[in-house]
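# Notes for the structure review
Residue-level listing of the chains:
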Amino acid sequence: MAEEDETVPVTGRIRDKLVETKQAWARDGRLLTGTQLDPSRDRLPPGQTLVKDWPVLDLGVQPDVSPDKWRLRVEGLVQAPVRLTLPEFMALPQTELVNDIHCVTQWSRYNNHWQGVRAKDLIAMARPKEEARFVSFTSYDGYTTNVPLSEFVADEVLLAHSWEGAPLTRQHGGPVRVVLPRLYFWKSPKWVTRIELLRDDRPGFWEVRGYHNNGDPWAEERYG
Ligand SMILES: Nc1nc2c(c(=O)[nH]1)N[C@H]1C(S)=C(S)[C@@H](COP(=O)(O)O)O[C@H]1N2
Ligand SMILES: [Mo]
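Presented here is an overview of the structure given in this document. Keep in mind it's a predicted model, so treat the numbers as computed, not measured.

## As for the site of ligand 1
Around ligand 1, the surrounding shell holds 21 residues, and the nearest of these are P55, D141, H172, R177 and K190. Contact between ligand 1 and L59: an oxygen atom at 3.1 Å from a main-chain N or O atom of the residue. In this structure, a nitrogen atom belonging to ligand 1 sits 3.3 Å away from a side-chain N or O atom of S139. If ligand 1 stood free it would expose 530 Å²; the protein chains cover 99% of that surface.

Shown next, in the form of C-alpha coordinates:
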(Lines give C-alpha, C1' and ligand atoms only; values in the text may rest on other atoms or scores of the structure.)
(Ligands and ions follow the chains in the order given, each with its own letter.)
Protein backbone atom coordinates (compact mmCIF):
# COMPACT_ATOMS: atom_id res chain seq x y z
CA MET A 1 0.00 0.00 0.00
CA ALA A 2 1.42 3.38 -0.94
CA GLU A 3 2.07 5.74 1.95
CA GLU A 4 -0.12 8.79 1.77
CA ASP A 5 1.12 12.23 2.59
CA GLU A 6 -0.38 12.70 6.02
CA THR A 7 1.12 16.05 6.88
CA VAL A 8 -1.25 18.96 7.30
CA PRO A 9 -0.63 22.69 7.57
CA VAL A 10 -0.22 24.08 11.08
CA THR A 11 -0.40 27.60 12.42
CA GLY A 12 1.42 28.90 15.48
CA ARG A 13 4.61 27.88 17.19
CA ILE A 14 5.26 25.51 20.06
CA ARG A 15 5.00 27.68 23.16
CA ASP A 16 8.22 26.60 24.89
CA LYS A 17 7.61 29.02 27.77
CA LEU A 18 4.21 27.47 28.49
CA VAL A 19 5.66 23.98 28.33
CA GLU A 20 8.44 25.05 30.72
CA THR A 21 5.96 26.65 33.14
CA LYS A 22 3.75 23.57 33.23
CA GLN A 23 6.82 21.40 33.75
CA ALA A 24 7.94 23.64 36.65
CA TRP A 25 4.48 23.29 38.25
CA ALA A 26 4.89 19.54 38.07
CA ARG A 27 8.30 19.78 39.75
CA ASP A 28 6.91 22.01 42.53
CA GLY A 29 3.71 20.01 43.02
CA ARG A 30 1.64 23.17 42.40
CA LEU A 31 -2.12 23.17 43.04
CA LEU A 32 -2.23 20.11 45.29
CA THR A 33 -4.77 20.48 48.12
CA GLY A 34 -4.86 17.00 49.66
CA THR A 35 -8.66 17.33 50.06
CA GLN A 36 -10.73 14.14 50.07
CA LEU A 37 -13.92 14.47 48.04
CA ASP A 38 -16.38 11.84 46.93
CA PRO A 39 -17.28 11.78 43.22
CA SER A 40 -20.66 10.21 44.07
CA ARG A 41 -21.61 13.28 46.21
CA ASP A 42 -19.35 16.08 45.04
CA ARG A 43 -19.15 17.47 41.54
CA LEU A 44 -16.06 19.69 41.53
CA PRO A 45 -12.81 17.75 42.09
CA PRO A 46 -10.31 19.09 44.66
CA GLY A 47 -8.39 22.21 43.69
CA GLN A 48 -10.56 22.93 40.63
CA THR A 49 -12.38 26.17 39.73
CA LEU A 50 -15.58 26.19 37.71
CA VAL A 51 -15.59 28.14 34.43
CA LYS A 52 -18.46 28.97 32.09
CA ASP A 53 -16.46 29.61 28.93
CA TRP A 54 -14.26 26.97 27.36
CA PRO A 55 -10.51 27.75 27.49
CA VAL A 56 -8.22 26.62 24.66
CA LEU A 57 -5.12 24.72 25.76
CA ASP A 58 -2.53 23.15 23.54
CA LEU A 59 1.13 23.41 22.63
CA GLY A 60 0.44 26.53 20.58
CA VAL A 61 0.41 24.67 17.28
CA GLN A 62 -3.01 24.13 15.77
CA PRO A 63 -3.11 21.83 12.75
CA ASP A 64 -5.53 22.70 9.99
CA VAL A 65 -6.86 19.25 9.13
CA SER A 66 -9.05 19.54 6.05
CA PRO A 67 -11.95 17.05 6.10
CA ASP A 68 -10.72 15.25 2.97
CA LYS A 69 -7.23 14.72 4.42
CA TRP A 70 -8.37 13.54 7.84
CA ARG A 71 -7.72 9.87 8.59
CA LEU A 72 -8.24 7.85 11.73
CA ARG A 73 -6.27 4.66 12.24
CA VAL A 74 -6.60 2.01 14.91
CA GLU A 75 -3.61 -0.30 14.82
CA GLY A 76 -0.96 -2.10 16.80
CA LEU A 77 -2.18 -5.17 18.71
CA VAL A 78 -5.44 -5.59 16.79
CA GLN A 79 -6.72 -8.35 14.54
CA ALA A 80 -8.45 -5.97 12.12
CA PRO A 81 -6.64 -2.63 11.71
CA VAL A 82 -9.09 0.20 11.09
CA ARG A 83 -8.49 3.10 8.76
CA LEU A 84 -11.31 5.59 8.26
CA THR A 85 -12.00 8.68 6.21
CA LEU A 86 -14.26 11.35 7.72
CA PRO A 87 -17.39 10.23 5.81
CA GLU A 88 -16.74 6.64 6.91
CA PHE A 89 -16.33 7.80 10.52
CA MET A 90 -19.55 9.85 10.35
CA ALA A 91 -21.42 6.80 9.01
CA LEU A 92 -20.62 4.77 12.17
CA PRO A 93 -23.29 4.51 14.91
CA GLN A 94 -23.47 7.88 16.67
CA THR A 95 -23.73 8.57 20.40
CA GLU A 96 -24.60 11.71 22.36
CA LEU A 97 -23.08 12.23 25.80
CA VAL A 98 -23.09 14.99 28.41
CA ASN A 99 -20.21 15.30 30.86
CA ASP A 100 -17.88 17.54 32.88
CA ILE A 101 -14.30 18.26 31.90
CA HIS A 102 -11.44 18.93 34.32
CA CYS A 103 -8.17 20.46 33.17
CA VAL A 104 -5.04 20.00 35.25
CA THR A 105 -4.43 23.78 35.06
CA GLN A 106 -7.39 24.00 37.45
CA TRP A 107 -10.49 24.80 35.42
CA SER A 108 -13.53 22.57 35.16
CA ARG A 109 -16.53 22.97 32.88
CA TYR A 110 -19.87 21.24 33.48
CA ASN A 111 -22.48 19.86 31.08
CA ASN A 112 -20.63 19.57 27.81
CA HIS A 113 -22.85 18.04 25.11
CA TRP A 114 -20.90 15.90 22.69
CA GLN A 115 -21.74 13.87 19.61
CA GLY A 116 -19.51 11.25 18.11
CA VAL A 117 -18.54 7.60 18.08
CA ARG A 118 -18.08 5.64 21.28
CA ALA A 119 -14.48 4.54 21.75
CA LYS A 120 -15.61 1.04 22.67
CA ASP A 121 -17.53 0.70 19.37
CA LEU A 122 -14.45 1.74 17.40
CA ILE A 123 -12.20 -0.61 19.38
CA ALA A 124 -14.65 -3.48 18.87
CA MET A 125 -14.29 -2.99 15.10
CA ALA A 126 -10.52 -3.44 15.41
CA ARG A 127 -10.82 -6.62 17.52
CA PRO A 128 -7.99 -6.14 20.06
CA LYS A 129 -5.58 -9.00 20.57
CA GLU A 130 -5.58 -10.56 24.01
CA GLU A 131 -2.26 -9.01 24.96
CA ALA A 132 -3.38 -5.42 24.23
CA ARG A 133 -3.39 -3.48 27.54
CA PHE A 134 -2.58 0.17 26.73
CA VAL A 135 -3.44 2.82 24.19
CA SER A 136 -1.11 5.43 22.72
CA PHE A 137 -2.70 8.37 20.84
CA THR A 138 -0.97 10.49 18.21
CA SER A 139 -2.39 13.76 16.94
CA TYR A 140 -1.79 15.94 13.88
CA ASP A 141 0.20 18.44 15.97
CA GLY A 142 2.58 15.70 17.10
CA TYR A 143 1.01 15.53 20.58
CA THR A 144 0.87 12.12 22.24
CA THR A 145 -0.82 10.76 25.33
CA ASN A 146 -1.57 7.34 26.82
CA VAL A 147 -4.25 5.52 28.84
CA PRO A 148 -4.96 1.91 29.82
CA LEU A 149 -7.19 0.22 27.24
CA SER A 150 -9.74 -0.40 30.04
CA GLU A 151 -10.09 3.41 30.52
CA PHE A 152 -10.49 4.02 26.80
CA VAL A 153 -13.31 1.50 26.35
CA ALA A 154 -15.31 2.89 29.32
CA ASP A 155 -18.90 3.79 28.35
CA GLU A 156 -18.44 7.57 28.60
CA VAL A 157 -15.44 7.83 26.26
CA LEU A 158 -16.17 9.39 22.88
CA LEU A 159 -14.42 10.32 19.67
CA ALA A 160 -16.29 13.57 19.33
CA HIS A 161 -16.96 15.59 16.19
CA SER A 162 -19.53 17.97 17.68
CA TRP A 163 -19.95 20.06 20.83
CA GLU A 164 -23.20 21.82 21.79
CA GLY A 165 -24.78 20.80 18.49
CA ALA A 166 -22.12 22.32 16.22
CA PRO A 167 -19.02 20.82 14.61
CA LEU A 168 -16.03 20.90 16.93
CA THR A 169 -13.97 23.98 16.06
CA ARG A 170 -10.41 23.59 14.95
CA GLN A 171 -9.06 25.22 18.13
CA HIS A 172 -10.84 22.59 20.23
CA GLY A 173 -9.50 19.72 18.13
CA GLY A 174 -11.80 19.42 15.12
CA PRO A 175 -12.55 17.51 13.00
CA VAL A 176 -12.36 14.84 15.73
CA ARG A 177 -10.97 14.66 19.27
CA VAL A 178 -11.06 12.16 22.09
CA VAL A 179 -13.21 13.03 25.13
CA LEU A 180 -12.23 10.98 28.16
CA PRO A 181 -14.05 12.75 31.00
CA ARG A 182 -12.90 10.57 33.91
CA LEU A 183 -9.32 11.81 33.63
CA TYR A 184 -7.71 15.26 33.46
CA PHE A 185 -8.27 16.77 30.04
CA TRP A 186 -4.67 16.41 28.84
CA LYS A 187 -5.62 12.72 28.38
CA SER A 188 -8.19 13.82 25.73
CA PRO A 189 -6.19 14.37 22.53
CA LYS A 190 -7.40 16.96 20.03
CA TRP A 191 -6.91 16.36 16.25
CA VAL A 192 -6.44 12.65 16.91
CA THR A 193 -5.28 10.53 13.96
CA ARG A 194 -3.71 7.37 15.34
CA ILE A 195 -4.79 5.02 18.11
CA GLU A 196 -2.23 2.33 18.77
CA LEU A 197 -2.89 -0.65 21.02
CA LEU A 198 0.13 -1.83 23.00
CA ARG A 199 1.23 -4.54 25.38
CA ASP A 200 3.37 -2.11 27.43
CA ASP A 201 2.51 1.44 28.41
CA ARG A 202 4.08 4.32 26.46
CA PRO A 203 4.02 7.67 28.33
CA GLY A 204 3.06 10.65 26.14
CA PHE A 205 4.05 14.31 25.84
CA TRP A 206 3.06 15.51 29.34
CA GLU A 207 3.56 12.14 30.98
CA VAL A 208 7.30 12.31 30.24
CA ARG A 209 7.40 15.94 31.47
CA GLY A 210 6.38 15.31 35.06
CA TYR A 211 2.63 14.79 34.73
CA HIS A 212 0.94 11.81 36.32
CA ASN A 213 0.66 8.69 34.20
CA ASN A 214 -2.94 8.04 35.24
CA GLY A 215 -4.47 11.53 35.85
CA ASP A 216 -7.54 10.93 38.05
CA PRO A 217 -8.89 14.39 39.09
CA TRP A 218 -10.56 12.98 42.25
CA ALA A 219 -7.21 11.65 43.47
CA GLU A 220 -5.43 14.86 42.36
CA GLU A 221 -3.14 12.81 40.16
CA ARG A 222 -1.70 15.94 38.58
CA TYR A 223 1.97 15.14 38.80
CA GLY A 224 3.73 11.85 38.78
N1 LIG B 1 -3.41 17.25 20.04
C2 LIG B 1 -3.42 17.85 21.24
N3 LIG B 1 -4.35 17.48 22.12
C4 LIG B 1 -4.40 18.05 23.34
C5 LIG B 1 -3.46 19.04 23.71
C6 LIG B 1 -2.48 19.41 22.75
O7 LIG B 1 -1.59 20.25 22.98
N8 LIG B 1 -2.50 18.79 21.52
N9 LIG B 1 -3.53 19.61 24.97
C10 LIG B 1 -4.24 18.86 26.02
C11 LIG B 1 -4.53 19.66 27.17
S12 LIG B 1 -3.24 19.98 28.22
C13 LIG B 1 -5.82 20.06 27.47
S14 LIG B 1 -6.19 20.82 28.95
C15 LIG B 1 -6.92 19.89 26.51
C16 LIG B 1 -7.52 21.24 26.18
O17 LIG B 1 -8.56 21.12 25.27
P18 LIG B 1 -9.30 22.43 24.80
O19 LIG B 1 -8.29 23.33 24.18
O20 LIG B 1 -10.37 22.01 23.85
O21 LIG B 1 -9.88 23.04 26.05
O22 LIG B 1 -6.49 19.28 25.32
C23 LIG B 1 -5.55 18.26 25.49
N24 LIG B 1 -5.36 17.64 24.20
MO1 LIG C 1 -4.25 20.80 30.23
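## Some words on the environment of I195
Residue position: I195 is located in strand β13 (residues 192-198). Residue classification places I195 among the buried residues on the basis of a relative accessible area of 0%. Through-space distance from the C-alpha of I195 to that of S139 is 9.1 Å; in sequence the pair is 56 residues apart. Other than its neighbours up to four places away in sequence, I195 contacts L72, R73, V74, E75, L122, I123, V135, S136, F137, F152 and L159.

## Points about unusual backbone geometry
A cis amide bond links G174 to the next residue, P175, at an omega of 10°. With respect to the helices, strands and loops of the structure, P175 is situated in the loop between β11 (166-167) and β12 (177-179). Positive phi, close to 55°, is recorded for N111, a residue that is not glycine. Here the phi dihedral of R127 falls at roughly 50°; this positive angle occurs in a residue that is not glycine. Within the element layout of this structure, R127 appears in the loop between α3 (119-126) and β8 (134-139).

## A word on the environment of L180
Take L180: it is sitting in the loop between β12 and β13. Remark: the alpha-carbon pair of L180 and D100, spanning 80 residues in sequence, is separated by 9.9 Å. With residues up to four places along the chain from it excluded, the contact list for L180 reads V147, E151, F152, V157, K187 and S188.

## Thoughts on the sheet that holds strand β4 (residues 71-76)
One open sheet accounts for five strands, arranged β5-β4-β13-β8-β9; its pairing is mixed. Only two strands of the sheet have a single partner each, and these edge strands are β5 (82-85) and β9 (144-148). This sheet shows a mean twist of 15° between the axes of neighbouring strands, independent of strand direction. Of the pairings in the sheet, the one linking β8 to β9 comprises five bridges and is antiparallel in character. Bridge assignment links F134 to a residue of β9, and that residue is P148.

## Examining the side chain of S188
Mapped onto the elements of the fold, S188 is located in the loop between β12 and β13. For S188, a relative accessible area of 3% translates into the label buried.

## Things to note about the pairing of β4
Of all the six residues making up β4, five are buried; the element is thus mostly covered by neighbouring parts of the structure. Bridge analysis of β4 against β5 gives four bridges, and the strand direction is antiparallel. Residue pairing across strands places L72 opposite L84, the latter belonging to β5. Counted between consecutive antiparallel strands, the loop separating β4 from β5 contains five residues. Note that β4 and β13 share four bridges and pair parallel. The residue bridging G76 from the neighbouring strand is L197, located in β13.

Criteria and thresholds
Residues numbered from 1 in each chain as written. Chains lettered and ligands numbered in written order. Predicted model: local features only at pLDDT ≥ 70, side-chain atom pairs only at ≥ 80, totals over all residues. Heavy atoms only, no water. Near = heavy atom within 4 Å. Polar contact = N/O pair within 3.5 Å; in protein donor to acceptor, adjacent residues only side chain to side chain. Areas by Shrake-Rupley, 256 points an atom, 1.4 Å probe, with all protein chains shown as cover. Helix = DSSP H or I, 4+ residues; strand = E, 2+ residues; numbered from the N terminus. Buried < 20%, exposed > 50% of the residue type's maximum accessible area, 1.4 Å probe, protein only. Contact = heavy atoms within 4.5 Å. Pairing = 2+ DSSP bridges. Axes fitted to C-alpha atoms, helices over the stretch in contact; angles between N-to-C directions.

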